Amino acid sequence: MAVFVALGAFLMTLFGGWTAGRVTDRRHLVLGLAGGLMLGVVGLDLLPEALQAAGNEVFGVPQALLLFVGGFLAAHLMERLLAVRQVAHCAVDAAARGVSMSVGGRAAGGGIAQVGQKAGSGGGVAQVALKAGTGGGVAQVGLTAAGAMVGHSLMDGIAIGAAFQVGEGMGATVALAVIAHDFADGFNTYTITSLYGNSRGRAIAMLVADALAPVVGAASTLLFTLPVELLGSYLGFFGGALLYLAAAEILPEAHHSHPARSTLLCTAGGVGFIWLVVGLAE
């Protein structure tokens, strides 16, 4: 059952990547809904279930809550480390191209100063490097970032399989959250890979790998059964990471270009839908 449901994540990831090549004006509504679904799953289903399965206190705090915070921090740390690496690669590429322009006589005086000024901030570095060309180092950053997305999707699949070990209701709600945010995963995987100068073929290859990862992860849980306490701990950790993705990635992106009331309504609707699903499953 878990593998079959994970096929939904496979299709949604591919749909997200397909949309990345044909960006529409309604993307913010999809992301707003996905963020609401993720928030609802974490607060109304994952966390209560994790507390019930792994509620033993560690120095006055339930074990599941500690791992929930740990999952949030782990996701934040991973994002920061990846962002620092991207900036470092782009800075080196920008500096190298600045020197090359100087030797060629095309960056005299103000040109070098302008490159130096742009290299002083993270966003400027990325823009300089990307506009300057598609060097191998910059392309590798895109592949590394996409590889991290594939690893994340693999863990999503394991979460689906682990949730189905708790019960079908739990598995369905976790799968719904994963499938919802896999649209954004597919969109970002394709966009990041191609943005850093990789070919369309490479972007599609990374998108397919990202789409297959949840299916592989869900299938792996057929080989083992997690103890109840360990399962609760994992769901708590996964819930923290999922909350970070919703609060720090999905929702800000949804409201960035379109701070519309309709986006907020989609987010609230996503939370309300999970509330309904959880209530009907009881």
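In case you missed it, the structure is sitting above this.
Just so it is clear, the structure is predicted and the values come from calculations on it, not from any experiment.

K.L.:
Quick rundown of a nonpolar patch on the surface? Include the residues and the values.
P.N.:
Residues Leu154, Ile204, Val208, Leu212 and Val216 make up a contiguous nonpolar surface patch of about 360 Å² in total accessible area. No other element matches the four residues that helix 8 (residues 200-220) contributes to the nonpolar patch. Along the chain, the position of valine 216 falls in helix 8.

K.L.:
Please give an account of the nonpolar core that cites residues and values.
P.N.:
The biggest cluster of nonpolar side chains holds 43 residues, and the ones touching the most others in it are Leu46, Val174, Phe238 and Leu242. At the level of elements, helix 1 (2-20), helix 2 (27-53), helix 3 (63-103), helix 6 (136-166), helix 7 (168-195), helix 8, helix 9 (228-256) and helix 10 (261-281) are the ones that each hand at least two residues to this core. Not counting chain neighbours up to four residues away, the residues in contact with leucine 242 comprise Met38, Val41, Val42, Leu46, Ala177 and His181. Of all hydrophobic cores here, the second largest spans five residues; its members include Leu143, Ala146, Val150 and Ala213.

K.L.:
I'd like a rundown of unusual backbone geometry, residues and numbers included.
P.N.:
Most peptide bonds take the trans configuration, and most residues that are not glycine carry a negative phi. The backbone of phenylalanine 59 shows a phi angle near 55°, a positive value even though the residue is not glycine. Within the secondary structure, phenylalanine 59 sits in the loop between strand 1 (57-58) and strand 2 (61-62). Judged by relative accessible area, phenylalanine 59 falls into the exposed class, the value being 86%.

K.L.:
A description of the packing of aromatic side chains should follow, citing residues and the corresponding values.
P.N.:
Applying the stated criterion to the full structure yields three aromatic pairs. Aromatic side chains phenylalanine 15 and tryptophan 18 sit 6.0 Å apart centroid to centroid with 20° between the ring planes, which places their arrangement in the stacked category. Remark: tryptophan 18 and phenylalanine 15 occur in helix 1; sequence separation between them is three residues, near one turn of the helix. By relative accessible area, phenylalanine 15 is classed as partly exposed at 40%. With a centroid separation of 5.1 Å and 85° between ring planes, the pair formed by phenylalanine 72 and tyrosine 244 is classed as edge-to-face. Of this pair, phenylalanine 72 sits in helix 3 while tyrosine 244 sits in helix 9; the two residues are 172 residues apart in sequence, bridging distant segments of the chain.

How each quantity is defined
- Residues numbered from 1 in each chain as written.
- Predicted model: local features only at pLDDT ≥ 70, side-chain atom pairs only at ≥ 80, totals over all residues.
- Heavy atoms only, no water.
- Patch = residues over 30% accessible without salt bridge, like charges linked within 9 Å, V, L, I, M, F, W, Y side chains within 5 Å.
- Areas by Shrake-Rupley, 256 points an atom, 1.4 Å probe, with all protein chains shown as cover.
- Salt bridge = Lys/Arg side-chain N within 4 Å of Asp/Glu carboxyl O.
- Helix = DSSP H or I, 4+ residues; strand = E, 2+ residues; numbered from the N terminus.
- Core = buried A, V, L, I, M, F, W, Y, C linked by side-chain atoms within 4.5 Å.
- Buried < 20%, exposed > 50% of the residue type's maximum accessible area, 1.4 Å probe, protein only.
- Contact = heavy atoms within 4.5 Å.
- Phe/Tyr/Trp six-rings, centres within 6.5 Å; stacked < 30°, edge-to-face > 60°.

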